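# Reading the structure
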Amino acid sequence: MLRQFVECESPSDDPAAVNRFVDLVADTVAGYAKVKRLPGGRFGRMLLCEFSLPGRRKSGQILALGHSDTVWPMGTLRSMPFRQAEGRLWGPGVLDMKAGIAFFLTAVEGLRELDVPVASKVVLQLNPDEEVGSEASRELTEKNAKVSKAVLVLEPGTGLIGKLKTARKGVGDFTVTVKGRASHAGVDFQAGASAVLELSRQIDRIAGFTQLEKGITVNPGVIHGGTRSNVVAAEAQAEIDIRVLKLRDAPALERRFRGLKPIDKRCTIEVTGGLNRPPMERSAGIVKLFRLAQGLGRETGVELEESLTGGGSDGNFTAALGIPTLDGLGAVGEGAHAINESILIDRMADRTALLAKLLVAIG
Ligand SMILES: [Zn+2]
């Protein structure tokens, strides 16, 4: 199943390819799930699978959350084929997050084969745009989370021991555009107001917004501006990534960006952007879910640990609604978004078992 999944490439920006993968998953679960495909705007379709699981009475819903897209362009398989070597499975998207999906479906199949009753309705949602910000799928994620008692996120665990994720930073971005006044750098230097110079001064200020002790980071990751070295630059722009640990820190940070004032009064500054994923804060409900998983892990001989990550997932949205969310339940491996993307074969069974046990134990 995993080989089929990896060999069906599905980059976020190729809706036809994502739809092929969505169809593959839909075919895989056809015998044991009701499937709905919903339009994903300029992305591929969103997939909802409601499983038929043993057990008469169902009360409440568990939402398993994943994404069908990967960061890898079509044709990556030629240089990075699916393969088994060194105790691992390798390939584009194998860790992030096709293995998580395959584990979850295998867990469901196991519960059916062994006729283990599950007290909740179980729904899997796969989003087509997670790797590019989830703008199309966010609404559906939030709608389904609101009617769920727990959300299980099939993203990979942290590190080669596969720590679960009980907190994620919130993510945002800002674009700062400086407009100055162009002039000839030789003939008319003083008539110019350099947007490049102004932006470089502002970047120094912006970098100062970082507060490591509070978990706030501000990264001016991209700058561009100017046209030629002998022209005083009329325009310059910076793209800045922000991360916050606590939602309550976001408004003050936004105010600092909006409050940027030009040092050279002849320049203007325009700021756009903001927080697009709220932080997943480690709530009591999340801790309770983690402790439950930890106990279940011990039954398979695995001591599960928890972690905080600066990276966002769709679990940020569900946790921000106050729904107990446990993330990082997918594969154990390394190299997400990198050429060494791979998963550990000897951790496939315990992860799959953990998912099955959680569906039963959440009750
Ligand atoms: Zn992912």
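First, a word on scope: everything that follows refers to the structure included in this document. (Residues numbered from 1 in each chain as written. Predicted model: local features only at pLDDT ≥ 70, side-chain atom pairs only at ≥ 80, totals over all residues. Heavy atoms only, no water.)

### Side note on the layout of surface pockets
Its boundaries defined by the atoms lining it, the largest pocket holds a volume of some 670 Å³. What lines the largest pocket is a set of 35 residues, among which Glu131, Arg243, Gly311, Gly312 and His337 lie closest to the centre. Among the elements of the structure, helix H4 (94-113), strand S8 (164-168), strand S9 (170-179), strand S11 (217-225), strand S13 (235-244), strand S14 (268-277) and strand S17 (333-334) are those that each provide at least two residues to the lining of the largest pocket. Considering each element in turn, the lining of the largest pocket owes the most residues, 5 residues, to S9. Grouping the constituent residues of the lining of the largest pocket by class yields 8 nonpolar, 15 polar and 12 charged. Of the voids in this model, the second largest pocket is the one considered here, and its volume is about 250 Å³. Forming the boundary of the second largest pocket are 14 residues, of which Lys36, Leu48, Glu50, Val123 and Asn144 lie nearest the centre. When contributions to the lining of the second largest pocket are tallied by element, the ones reaching two or more residues are strand S1 (33-38), strand S2 (46-51), strand S6 (121-127) and helix H5 (138-146). No other element matches S1, which puts 4 residues into the lining of the second largest pocket. Here the residues of the lining of the second largest pocket are counted per class, giving 7 nonpolar, 2 polar and 5 charged. (1 Å grid on protein atoms, 1.4 Å probe; cavity = no way out; pocket = protein on both sides within 12 Å on 5 of 7 lines; lining within 4 Å. Points joined across faces, edges and corners; volume = space filled by probe spheres on them. Helix = DSSP H or I, 4+ residues; strand = E, 2+ residues; numbered from the N terminus. Nonpolar A, V, L, I, M, F, W, Y, C, P; charged D, E, K, R; others polar.)

### With respect to the packing of H4 against helix H10 (residues 348-361)
Contact geometry of H4 with H10 gives a least axis separation of 8 Å together with a crossing angle of 60°. Classified by the angle their axes make, H4 and H10 are oblique. Once H4 is placed against H10, the crossing between them reads as right-handed. Between H4 and H10, the contacting residues are Phe103, Phe104, Thr106, Ala107, Val108 and Leu111 on the first element and Met348, Arg351, Thr352, Leu355, Ala356, Leu359 and Val360 on the second. Looking at the contact of H4 with H10, its residues break down into 10 nonpolar, 2 polar and 1 charged. (Axes fitted to C-alpha atoms, helices over the stretch in contact; angles between N-to-C directions. Parallel < 35°, antiparallel > 145°, perpendicular 65-115°, else oblique. Left-handed = near helix turned anticlockwise from the far one by under 90°. Contact = heavy atoms within 4.5 Å.)

### Considering the coordination of the zinc ion
Each protein donor to the zinc ion is listed here as His67 (NE2), Asp96 (OD), Glu155 (OE) and Glu155 (OE); together their distances run 1.9 to 2.7 Å. Mapping the donors of the zinc ion onto the primary sequence gives the spacing H-x28-D-x58-E. With Asp96 in helix H4 and Glu155 in the loop between strand S7 (150-153) and S8, the pair connects residues that are 59 residues apart, well separated along the chain. (Donors = N, O, S within 2.8 Å, 3.2 Å for Na, K, Ca; no water.)

### Focus on the side chain of Gln294
Position of Gln294 among the secondary structure elements: in helix H8 (residues 284-299). For Gln294, a relative accessible area of 12% corresponds to the buried category. Looking at Gln294, its side chain comes within polar contact range of the main-chain oxygen of Leu304, at 3.0 Å. Discounting residues that sit within four places of it in the chain, Gln294 has contacts with Glu303 and Leu304. (Buried < 20%, exposed > 50% of the residue type's maximum accessible area, 1.4 Å probe, protein only. Polar contact = N/O pair within 3.5 Å; in protein donor to acceptor, adjacent residues only side chain to side chain.)

### Some words on the sheet that holds S14
Reading across from one edge, S11-S13-S9-S14 is the order of the 4 strands in this open sheet, with antiparallel pairing throughout. Both outer strands of the open sheet, S11 and S14, are each paired with one neighbouring strand and no more. Each strand axis lies, on average, 15° off the axis of its neighbour in the sheet, ignoring direction. In the sheet, S9 pairs with S14 via 9 bridges, with the strands oriented antiparallel. Bridging across to S14, Thr175 finds its partner in Thr272. This element, helix H6 (residues 195-207), spans S9, S11, S13 and S14 of the sheet and lies at about 15° to S13. (Pairing = 2+ DSSP bridges.)

### Description of the nonpolar core
Counting residues in each nonpolar core, the largest one holds 58 residues, and the members touching the most others are Leu2, Phe51, Phe104, Leu105, Leu124, Ile343 and Leu359. Considering each element in turn, this core owes the most residues, 12 residues, to H4. Apart from the residues within four sequence positions on either side, Leu105 is in contact with Met1, Phe5, Val25, Thr28, Val29, Tyr32, Phe51 and Leu124. (Core = buried A, V, L, I, M, F, W, Y, C linked by side-chain atoms within 4.5 Å.)

### Looking at the sheet that holds S6
Taken together, 6 strands build an open sheet; the order of strands is S1-S2-S6-S3-S7-S16 and the sheet is mixed. The open sheet terminates on both sides in strands that have one partner only, identified here as S1 and strand S16 (325-326). Alignment of S7 against S16, held across 2 bridges, turns out to be parallel. Residue pairing in the sheet places Val151 in a bridge with Thr325 of S16. Packed on one face of the sheet, helix H2 (residues 15-28) meets S1, S2 and S6 and runs near 165° to S1.

### Quick notes on the packing of aromatic side chains
Throughout the structure, instances matching the rule amount to 5 aromatic pairs. Ring geometry for Phe5 versus Phe21: centroids 5.3 Å apart, planes at 85°, classification edge-to-face. Here Phe5 is found in helix H1 (residues 2-7), whereas its partner Phe21 is found in helix H2, with 16 residues between them in sequence. Per residue, the accessibility class of Phe5 equals that of Phe21, and both read buried. When the ring of Phe209 is compared with that of Phe257, the centres are 5.2 Å apart and the planes differ by 80°; the resulting orientation is edge-to-face. Residue Phe209 is found in the loop between H6 and S11, and its partner Phe257 is found in helix H7 (residues 250-258); the two are separated by 48 residues along the sequence. Both residues of the pair, Phe209 and Phe257, count as buried. These aromatic residues form a ring-pair network of at least three members: Tyr32, Phe51 and Phe104. (Phe/Tyr/Trp six-rings, centres within 6.5 Å; stacked < 30°, edge-to-face > 60°.)

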